[in-house]
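Here are the chains, one letter per residue:
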Amino acid sequence: MLEHVPQWIGEMLKNVRAGHSKLVVAQDDIYTSGVRIDISSPAFASGARLPERFTADGVGLSPPLVWGQAPEGTSSFALIVEDPDAPATSPLVHAIVWNIPATEVRLAEGAIAPDDDVDLDGSHVGRNSFLGEGWLPPDPPTGHGSHDYVFQLFALSQTPDVGPNPGRSDFVKAIRGNVLAAGILVGTYSRGEDAVIGFTAISPAII
């Protein structure tokens, strides 16, 4: 899709970005407790470049994720992945996963996929910004520079019914006032420029 955008257009829009301040986790009324969840991936370090297999230039699977134990009182986890560097008015949503069991501490590689309304563990996979269910592989315009892909995990005190295919607005409305703790993992990706691959990049300050 966006790989076909001419490089000169990507370069012209290089400074047009939604902004990290618009991430769900950055909203004043969403994450107020200050309690953190450690979230990481065995496939890349926070702040490092995503391996190609997880992007539109590869097979486009969702990356594996692992995190710490749920804080006391957690009903479930919820995950949203956003690109705040998209040339748009709001961050681009790459994935939503809802109602992850409080006892769960991982998502396997490729787990964020269409689930026919519900996975066996009870979790739901919601809609990305292209209105598809599942993982939207990173696909930044060539020449637009590096994009952050921000994995935001929330421990929730309640699990409201948001339906089988929640979108961003459903997600935000449902977690508001319910967040006990949150964790952030950042992967980067770009086209048309030199990039450091692997575990050597330094995690950026995103908020």
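For the structure itself, look to the data block above.
Residues numbered from 1 in each chain as written. Predicted model: local features only at pLDDT ≥ 70, side-chain atom pairs only at ≥ 80, totals over all residues. Heavy atoms only, no water.

Caption draft 1: The pattern of salt bridges, seen in detail. The final tally for this structure, using the stated rule, is six salt bridges. Among the salt bridges present, the one from Arg-53 reaches Glu-109, with a minimum N-O distance of 2.4 Å. Taken together, the positions of Arg-53 in the loop between strand S2 (48-49) and strand S3 (65-67) and Glu-109 in the loop between strand S6 (106-107) and strand S7 (124-125) put the pair 56 residues apart, joining distant regions of the chain. You can call Arg-53 partly exposed: its relative accessible area is 37%. Note that Glu-82 and Arg-168 form a salt bridge whose closest N and O atoms lie 2.6 Å from each other. Here Glu-82 is found in strand S4 (residues 76-83), whereas its partner Arg-168 is found in helix H2 (residues 168-175), with 86 residues between them in sequence. On the accessibility criterion, Arg-168 (25% relative accessible area) is partly exposed. Several salt bridges converge on common partners, so that one network encompasses Asp-57, Asp-139 and Arg-191. (Salt bridge = Lys/Arg side-chain N within 4 Å of Asp/Glu carboxyl O. Helix = DSSP H or I, 4+ residues; strand = E, 2+ residues; numbered from the N terminus. Buried < 20%, exposed > 50% of the residue type's maximum accessible area, 1.4 Å probe, protein only.)

Caption draft 2: Spatial organisation of the sheet that holds S3. Taken in spatial order, the three strands of this open sheet run S1-S3-S6, and their pairing is antiparallel. In the strand order of this sheet, the two ends are held by strand S1 (39-40) and S6, each with one partner. Bridging between S1 and S3 involves two bridges; their strand directions are antiparallel. Directly across from Ser-40, in S3, lies its bridge partner Val-66. (Pairing = 2+ DSSP bridges.)

Caption draft 3: Molecular detail of the sheet that holds S4. Ordered in space as S2-S9-S8-S4-S5-S7, the six strands form an open sheet in which the pairing is mixed. Either end of the sheet is taken by a strand with one partner, and the two such strands are S2 and S7. Across seven bridges, the pairing between S4 and strand S5 (residues 92-101) is antiparallel. In the sheet register, Asp-83 faces S5, and the bridge partner there is Leu-92.

Caption draft 4: Inspection of the packing of aromatic side chains at higher detail. Summed over all chains, the structure comprises five aromatic pairs. Linked through ring pairs, Phe-44, Trp-135 and Phe-151 together constitute an aromatic cluster. (Phe/Tyr/Trp six-rings, centres within 6.5 Å; stacked < 30°, edge-to-face > 60°.)

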